[in-house]
Structure formats: C-alpha cells, structure tokens
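Observations on the model geometry
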2 protein chains.
Amino acid sequence: MTKTVTLLNKLEQRRTAQRVLLLNVIRENKGHLDAVQLYEQARQQQSVLSLSTVYRNLKLFKELGLIKEHQFGNTHRCYESKGQSHHHLVCLGCGKILEFRCQSTEKLKSQISSNRGFKVIDAEVRLTGYCPECQNRLIHGQKNSEENKERG
Amino acid sequence: MTKTVTLLNKLEQRRTAQRVLLLNVIRENKGHLDAVQLYEQARQQQSVLSLSTVYRNLKLFKELGLIKEHQFGNTHRCYESKGQSHHHLVCLGCGKILEFRCQSTEKLKSQISSNRGFKVIDAEVRLTGYCPECQNRLIHGQKNSEENKERG
DNA sequence: ATGACTGCAAACTGTTTGCAGTTAA
DNA sequence: TTAACTGCAAACAGTTTGCAGTCAT
C-alpha cells in the first residue's frame, strides 16, 4: 500500500502531522468510522488534534478521492479508505454494517453508461434488512437490540 | 392507487387534515422531496401546518412503510412515495437525481439471503458520476454548476 | 517569509422534543 | 371524553466557519 506521506506529497498537499495521522488511522481501520470515532482513535496516538481539523481533512480526503463517505440510517456520516470495491448490508435491527462483493455492478455501470450517457464514477449497492442474529431475536420475541444502533 | 384516507384508516392512524395533505403531496409528486420542500408545497394548499408536524409525520409514514427515505450527497434527507422499485443516478456535477430500473437486484437479494442468511427487506443501487450535461460542461471547460446542487 | 493549516469557540443547519392547546374517534 | 395529534419555541447533534496563531515549504 502506498505510504500516506507519499500520497500527500503526490497530491500536492501539505504533509502535516494531523493529516498523516488521520489518513493512517482511516487506512489501518478496516471498517467505517464516523468523524468522532476517528477523532478519538487519532487522539489516542497524538493528543494535539481538534475535531474541526478532522472535519476539514475528511472533506479534503474525500475531494482527493482518498476515502469514501457513507450515510446509512443514522444521522452522522461515516468514512472508509478506498480499497477493493464492496457493498453493504445494513441491519435494521441492530444497525450493524456487513460487507459483500458482487461482480454484476461492473456490467451495470457500462449499461448505464451506454444507455443513458451517464459517466459512472462509483457504484454502491445497499441492501437493508435483518442480520441472522436479529432474525433469531425477532423470532424468539425478544426486544430489538439498540446496542449498536447508533455507532455501528 | 389506494386513497390516502383509506390508507390511514387501514393502518389505524388518525386521519388528520395534515396527514392527508402531506401524503397526497408526496404521492402526487413523482420525484424526491426533502422536509422543507414538502412543507412549502403543502402550505400552498393549506396554510395551517408546522414544520415539526412534517418531520413527525415523515417519521410515521416511514415506519408504516408508506414512503422511502434517501440521503444522497447532501446534508438533508429526502423522501418519496413507495411505487415501482427503482434506483438512482446521482450527478456529482449538479446534484440532479435520475432514476433507472434494473431487474438484476432480485437475483442479488436471493443470493445474499441464501449465502449470508441476511433477510433482505429492500435493495438500493446508487450510481454516482456525471450526467450528460455536466460532462459536456466539463469538456468545454466551464465551471461546475452549483445551481441544483442543494435542492436537486 | 508567507500562505496553508490548525485549535478554539461560536455559528449554522437539519431535526427532535416539551408543553399547552386542539381535535378525531 | 380523552388520548392522539398539533403548533410553537426552545433544544439538540453534527458540521462548518471566522479568527488569530503556528508551521511546512
């Protein structure tokens, strides 16, 4: 994987300690982080960092195409490093986000491109429903778990 | 199409003037409305209505499964009546939302269901990129149109 | 040296909530 | 009659912004 530092140099952005730190945390973390989670994880490694810097740099990274932004059911947005393309299963019961891959979107991209003249940059498939655990819980008549609902 | 009034009765919800009005506006409107747009359109027909009522009822309609909620690039959410299943093309240039249909998601649903044990309630495919007009504008070196960017 | 970047606090936006009055059933 | 519903204003959460100081180049 390209070094974060190199990445920032190439993109002609200043290589500040905060940017290197933030990008590293995002890239090391496999899942989805929201701004506050990223802030907290980053602060554990280096305490000089403010939440506005996190927001400002998330915006920058997004514009540079280094990360992807998502908004699932929740109010807040979350971010992930752009790695291998994958899609999401969003559980309505517990808010958990699962990932899956599928090849068929490539075909779809080219279809849309030729039929509609729309230049597709990115494709996301999102399935909402219930994960196995929540199905189980619902069958056995227990109350919905709200545990992971906000920070999934 | 089922009458809004009948719909509310069936669902054992009170048939208030505000609810009937809001549901009608949503159902008559083909595209996507955010809360404020819905509020404004509804007020044109009947001036006794507050924004909190709009939010409260959007939440209700969503829980009853009468409408679908989306969050595209923007900060605000938008809503549409549940009609024939369709997916979205989101233009990064002007924020415009285009729709398309595709059959392949049904197959995907059952695949995920059998492979992962995830009970799929809904599937959405979202392609982001550039609409024909924006591609044109970009080729001819003009600046990005921000016109529709917020209220698309 | 200097313009990009940062932390801080204050502002802003979309949404939710408490309350007292109103209305559908 | 009364619990569900409403409008209003105030609260809230997530995000953005203005400013003065700092730091990468």
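Scroll up a little and you will see the structure.
Residues numbered from 1 in each chain as written. Chains lettered and ligands numbered in written order. Predicted model: local features only at pLDDT ≥ 70, side-chain atom pairs only at ≥ 80, totals over all residues. Heavy atoms only, no water.

**Digging into the overall build of chain A**
For clarity, the threshold we go by: Every helix listed is a DSSP run of H or I at least four residues long, and every strand listed is a run of E at least two residues long, numbered separately from the N terminus. Residue contacts are defined here by distance: any two heavy atoms, one from each residue, within 4.5 Å place the two residues in contact. Here, Shrake-Rupley sampling with a 1.4 Å probe gives the accessible areas, and only protein chains in the shown set may cover a residue.
When helices and strands are tallied, chain A shows six helices and six strands. Once local pairs closer than 6 in sequence are excluded, the contacts in chain A between residues at least 24 apart make up 52%. As presented, chain A carries roughly 8700 Å² of accessible surface, and 47% of it is formed by carbon and sulfur atoms.

**What to know about the protein's contact with DNA strand D**
Rules: A cutoff of 4 Å decides nearness: a residue is near a molecule or strand if any of its heavy atoms lies inside that distance of it. Two N or O atoms count as a polar contact when they lie within 3.5 Å, although within protein this holds only if one can serve as hydrogen donor and the other as acceptor, and sequence-adjacent residues are included solely when both atoms are side-chain atoms. Throughout this entry, Asp, Glu, Lys and Arg are counted as charged residues, while Ala, Val, Leu, Ile, Met, Phe, Trp, Tyr, Cys and Pro are counted as nonpolar. The remaining residues, Gly among them, count as polar.
The full set close to DNA strand D counts 22 residues, and A:Tyr55, B:Thr16, B:Arg19, B:Leu49 and B:Thr53 are the nearest of them. Near the protein, within 4 Å, the atoms of DNA strand D are sugar or phosphate in 66% of cases. A distance of 3.3 Å separates a phosphate oxygen of DNA strand D from a polar atom in the backbone of A:Arg77. Here B:Val48 contributes a backbone N or O atom positioned 3.1 Å from a phosphate oxygen of DNA strand D. Contributions of two or more residues to the surface near DNA strand D are made by α4 (51-63) of chain A together with α2 (17-28) and α4 (51-63) of chain B. It is α4(B) that provides the largest number of residues to the surface near DNA strand D, a total of four residues. For the surface near DNA strand D, a count of residues per class yields four nonpolar, ten polar and eight charged.

**Digging into the sheet that holds strand β1 (residues 33-34) of chain A**
All names here are of chain A. Formally: DSSP calls a pair of strands paired once it identifies at least 2 bridges connecting them. With axes taken as lines fitted to C-alpha atoms, and helix axes fitted only over the stretch in contact, angles between N-to-C directions fall between 0 and 180 degrees.
Spatial strand order, β1-β3-β2: three strands in an open sheet with antiparallel pairing. The outermost strands of the open sheet, each flanked by one partner alone, are β1 and β2 (67-70). Helix α2 (residues 17-28) rests against β1, β2 and β3 (78-81) of the sheet, and its axis sits at about 80 degrees to β3.

**Quick word on the side chain of A:Glu80**
Residues and elements named next belong to chain A. Rules: With a 1.4 Å probe rolled over the protein chains alone, any residue whose accessible area is under 20% of its type maximum counts as buried; one over 50% counts as exposed, and the rest are partly exposed. Asp and Glu are treated as the negative residues and Lys and Arg as the positive ones, with His and the ends of the chain left uncounted. We count a salt bridge whenever a side-chain nitrogen from Lys or Arg sits within 4 Å of a carboxyl oxygen from Asp or Glu.
By the secondary structure assignment, Glu80 is in strand β3. The buried charged residue Glu80 lacks any salt bridge, with Lys68 as its nearest oppositely charged partner at 5.3 Å. Looking at Glu80, its side chain comes within polar contact range of the side chain of His32, at 3.4 Å. If near-sequence neighbours (up to four positions away) are discounted, Glu80 is found in contact with Ile26, Gly31, His32, Ile67, Lys68, His70, His86, His88 and Glu99.

**Structural notes on the protein's contact with DNA strand C**
Around DNA strand C, a shell composed of 20 residues is seen, among which A:Arg14, A:Arg19, A:Leu49, A:Thr53 and B:Tyr55 lie nearest. Sugar plus phosphate: this is where 62% of the atoms of DNA strand C within 4 Å of the protein reside. For DNA strand C, a phosphate oxygen lies 2.7 Å from a polar atom in the side chain of A:Arg19. At a separation of 3.0 Å, a base nitrogen of DNA strand C approaches a polar side-chain atom of A:Arg56. Listed by contribution, the elements that provide at least two residues to the surface near DNA strand C are α2 and α4 of chain A together with α4 of chain B. Top contributing element to the surface near DNA strand C by residue count: α4(A), with four residues. Among the residues forming the surface near DNA strand C, the class breakdown is three nonpolar, ten polar and seven charged.

**Here we look at the nonpolar core**
What tends to happen in soluble globular proteins is that the nonpolar side chains get buried as a cluster. Convention followed: Here the nonpolar core consists of buried residues drawn from Ala, Val, Leu, Ile, Met, Phe, Trp, Tyr and Cys, with membership extended through side-chain atoms lying within 4.5 Å.
Membership of the largest hydrophobic core comes to 28 residues, with the highest contact counts inside it found for A:Phe100, A:Ile112, A:Leu127, B:Phe100, B:Ile112 and B:Leu127. Contributions of two or more residues to this core are made by β4 (87-91), α5 (104-116) and β6 (119-130) of chain A together with β4 (87-91), α5 (104-116) and β6 (119-130) of chain B. Each residue touching A:Leu127, except ones within four places of it in the same chain, is listed here: A:His88, A:Leu89, A:Val90, A:Phe100, B:Leu108, B:Ile112, B:Phe118, B:Val120, B:Asp122 and B:Ala123. In this structure, B:Val20, B:Leu33, B:Leu60 and B:Phe61 belong to the second largest nonpolar core, which totals 20 residues.

**Observations concerning the pairing of β6(B)**
Sheet topology places β6(A) next to β6(B); eleven bridges connect them, and they run antiparallel. Looking at β6(B), one finds that A:Arg126 is bridged to B:Glu124. The sheet contact formed by β4(B) and β6(B) spans four bridges and is parallel. Its bridge partner being in β6(B), B:Leu89 is matched across the sheet by B:Leu127.

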